[in-house]
Amino acid sequence: MPIRLIVGLGNPGPRYADTRHNAGFWFVDRLAGDLGGSFRAESRFEGEVARVAVGGTVCDLLKPLTFMNKSGNAVQKLAGFRKIPPAQILVVHDELDLPVGIARLKMGGGHGGHNGLRDLHRHLGPDYARLRIGIGHPGIREAVIGYVLERPSRVEEAAMREAIGTALESVHDLVAGDWDKAVRSLHARAAPDREKES
């Protein structure tokens, strides 16, 4: 099914803007900029919303402003208003289980302990699409919270933004409803040396 709503997960405010956990915000900000869109605060949807044209098809972009662990409410409100089912929603988020610089598409599945996805599961169920932006893992579980809320090194940030740039090339196929083509294109372009690090 064609993607009609792209949600970037993150935390609002300058304190969190450059942290690993805001990779989803980075993606939709860049997508809006590339397509000439701009975000506006929409209190009824508890987030910032932009409408863009992707290959002639209108698509909504959303940045929930409810903080990560309450992201689902904002998504549910906008999706309900637009009558968009979960299968036509793409959620972009940071992923501990992928190396830095790797981006992967996935349809459905568990939340993997990610607080944003956990809340989305409560509101939407598990059957939405995900774009996972690899941030790597700190190595021990106890360090995860501090790690995701820290700014990555310059090298890591460059790799994350490169992965985002690569993933952006799949958006036209996703909005057109060609999921398989988008997956093949994105996954084929992953850097093999980075994947070997995982």
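Residues numbered from 1 in each chain as written. Predicted model: local features only at pLDDT ≥ 70, side-chain atom pairs only at ≥ 80, totals over all residues. Heavy atoms only, no water.

On to the packing of helix 1 (residues 23–34) against helix 5 (residues 154–168), then. Between two packed helices, both the angle of their axes relative to each other and the distance between the axes serve to describe the pair. Running from N to C, helix 1 and helix 5 point in directions that differ by 50°, and their axes come no closer than 10 Å. If you check the angle between helix 1 and helix 5, you find them oblique. For the pair helix 1 and helix 5, the sense of crossing is right-handed. Residues Ala 23, Trp 26, Phe 27, Arg 30, Leu 31 and Asp 34 of helix 1 pack against Glu 157, Met 160, Arg 161, Ile 164, Gly 165, Ala 167 and Leu 168 of helix 5. Taken together, the residues of the contact of helix 1 with helix 5 break down into eight nonpolar, one polar and four charged. (Axes fitted to C-alpha atoms, helices over the stretch in contact; angles between N-to-C directions. Helix = DSSP H or I, 4+ residues; strand = E, 2+ residues; numbered from the N terminus. Parallel < 35°, antiparallel > 145°, perpendicular 65-115°, else oblique. Left-handed = near helix turned anticlockwise from the far one by under 90°. Contact = heavy atoms within 4.5 Å. Nonpolar A, V, L, I, M, F, W, Y, C, P; charged D, E, K, R; others polar.)

A few words now on the confidence of the model for the chain. Model confidence for the chain is summarised by a mean pLDDT of 93, while 95% of its residues fall at 70 or above. When the elements of the chain are averaged for pLDDT, helix 8 (residues 192–196) gives the smallest value, 46, and strand 1 (residues 5–8) the largest, 98. Low pLDDT (under 50) marks residues 192–198, which in the prediction has 11 contacts with non-local residues, meaning those over four places away or in another chain. (pLDDT = per-residue confidence, 0-100.)

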